Amino acid sequence: MLIELLSRTAKIPEAKLLSLSESASRRYKVYTIPKRTGGERVIEHPSRELKAIQRWIVQALIGRFPLHESATAYRKGTGIRLNAERHRKTKFTNRYDFASFFPSFSQARVVQYISKQAQAVGIELSERDLEFIGNIVCRNGRLTIGAPSSPAITNAMMFEFDRRMHEECHAKGLVYTRYADDLFVSSYEPGQLDGLEKVIVQNKRGIPHIRLRLNHQKTAYLSKKYRRVITGVVITPQHTLSIGRERKREVKALIHHWVKGEIDPKSFFYLRGLFSFAIDIEPEFEARLIEKYGKTRIDLLRSVDPDFPAAFF
């Protein structure tokens, strides 16, 4: 059913779709980008044709699956700012990280989940459809960092875990959000965040389609007394959101190089993304930039609003 629908919609013969599915794992450009915390992140970027089909699958199928409100990444109407905003009025935050998040979702478990969830929402998928979907959205048997379908699939597959965490935290007066592989739990009073690792492990149990483990080296305990950083957003001791002094200096330095004609296209694209992120978090920062560099230049930076990669955080 799904393959036939895609073939009619995209006007691509079924035979070509099946051939593309069989060779999908070879249709990626693999490269690395530096992590802000050190080391490198492997990106597996699908070909344009493969990416288009992945997005179609998300829109036609995955987008119909339930998502929990605690999942704030890669969703329309949510994002980095909202994730931080939900913790803004609290005083203490614990941050936890799931190791190798996207690759931990195997093709077998992805297909198993999609099959079960499709039935629940009344979508009929054949065995051939399921094999096709698995081959298209996974590379070498795993979800990847770089495919546009990976965030949507993992958000859906994490629904039950997010629901459990939200309900348990809410009952204790805590705030819980998840931004991809990063979990944030905040409290208004000291001593309320003890033992959360056991809670996370317990809430993973019994969910057959997830196999996740905590990266204990990235666990962080943040306090209002000091600067709390949540997905790159600084929550100040005054409970306001900020991009921080370092980021502001970086924006100004990049604009200075741009004005002088000393910036390459890649750095200019990065500047636009960073500028968009900065004024989303601190709208008043734009007025100071206009005063210094002029409205015409700042309006040009606003003309393109690229997605700001989560890898920068």
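Before reading on, note that the structure itself is shown above.
Residues numbered from 1 in each chain as written. Predicted model: local features only at pLDDT ≥ 70, side-chain atom pairs only at ≥ 80, totals over all residues. Heavy atoms only, no water.

A. Main features of helix α11 (residues 265-281). With 17 residues, α11 should reach 24 Å at 1.5 Å per residue; the first-to-last C-alpha distance of 25 Å fits that figure. Those residues of α11 lying buried are F268, L271, R272, G273, L274, F275, S276, F277, A278, I279 and I281. The distance from a side-chain oxygen at the start of α11 to the backbone nitrogen of K266 is 3.1 Å, and the residue carrying that oxygen is D264. (Helix = DSSP H or I, 4+ residues; strand = E, 2+ residues; numbered from the N terminus. Expected span 1.5 Å × (residues − 1). Buried < 20%, exposed > 50% of the residue type's maximum accessible area, 1.4 Å probe, protein only. Polar contact = N/O pair within 3.5 Å; in protein donor to acceptor, adjacent residues only side chain to side chain.)

B. The environment of S187, seen in detail. Turning to its location among the elements, S187 is positioned in strand β5 (residues 182-187). Residues S187 and A156 lie 31 residues apart in sequence; the distance between their C-alpha atoms is 26 Å. Once residues within four sequence positions are removed from consideration, S187 is found in contact with T90, K91, F92, L174, Q192 and L193. In this structure the side chain of S187 is engaged in a polar contact, spanning 2.9 Å, whose partner is the backbone oxygen of E189. (Contact = heavy atoms within 4.5 Å.)

C. Representation of the sheet that holds strand β3 (residues 92-97) within the structure. With antiparallel pairing, four strands are arranged side by side in an open sheet as β4-β5-β3-β6. With partners counted over all chains shown, the strands left at the sheet margins are β4 (175-179) and β6 (220-223), one partner each. Put simply, the sheet's adjacent strands are angled 20° from each other on average, direction ignored. Two elements, β3 and β5, share six bridges in a ladder whose sense is antiparallel. Bridge pairing links T93 to S186 in β5. (Pairing = 2+ DSSP bridges. Axes fitted to C-alpha atoms, helices over the stretch in contact; angles between N-to-C directions.)

D. Molecular detail of the packing of helix α8 (residues 159-171) against helix α9 (residues 196-204). Interhelical geometry of α8 versus α9 gives an angle of 140° and a closest axis separation of 9 Å. Regarding the angle of α8 to α9, the classification is oblique. The handedness of the crossing between α8 and α9 is right-handed. For the pair formed by α8 and α9, the contact residues are F161, R164, M165 and E168 on the first element and V199, I200, Q202, N203 and K204 on the second. Of the residues contributing to the contact of α8 with α9, the split by class is four nonpolar, two polar and three charged. (Parallel < 35°, antiparallel > 145°, perpendicular 65-115°, else oblique. Left-handed = near helix turned anticlockwise from the far one by under 90°. Nonpolar A, V, L, I, M, F, W, Y, C, P; charged D, E, K, R; others polar.)

E. Structural context of the sheet that holds strand β8 (residues 233-235). Overall, antiparallel pairing links the three strands, which are arranged β7-β8-β9 in an open sheet. The sheet terminates laterally at β7 (228-230) and β9 (241-242), the two strands that pair on one side only. When β7 meets β8, the two strands line up antiparallel, connected through three bridges. The partner of R228 across the bridge, within β8, is I235.

F. Structural view of the packing of aromatic side chains. The full count for this structure, using the stated rule, is seven aromatic pairs. Centroid distance F98 to F161: 5.8 Å. Interplanar angle 65°. Geometry classified as edge-to-face. Taken together, the positions of F98 in the loop between β3 and α5 (107-120) and F161 in helix α8 put the pair 63 residues apart, joining distant regions of the chain. The pair formed by F98 and F161 is uniform in burial state, with each residue classed as buried. Taking the centre distance of 5.3 Å and the plane angle of 80° together, the rings of F101 and F105 count as edge-to-face. Of the residues examined, F105 reaches a relative accessible area of 1% and is grouped as buried. (Phe/Tyr/Trp six-rings, centres within 6.5 Å; stacked < 30°, edge-to-face > 60°.)

G. View of α8. Taking 1.5 Å as the rise per residue, α8 with 13 residues should run 18 Å; its terminal C-alpha atoms sit 18 Å apart, in good agreement. Residues F161, D162, M165 and C169 constitute the buried set of α8. Along the axis of α8, the buried positions cluster into a sector of 95°, meaning they face one direction only. Residues of α8 that are exposed and angled more than 90 degrees away from the buried face: H170 and A171. Next to the buried residues of α8 lie β4, β5 and α9. (Arc of directions from axis to C-beta.)

H. View of the nonpolar core. L61, I114, F132 and F161 are the most contacted members of the largest nonpolar core, which totals 54 residues. Beyond its immediate sequence surroundings of up to four residues, F132 is in contact with L2, I3, L6, L17, L18, S21, I53 and I57. Core analysis: the second largest hydrophobic core is formed by 28 residues, L241, W258, L271 and L301 among them. (Core = buried A, V, L, I, M, F, W, Y, C linked by side-chain atoms within 4.5 Å.)

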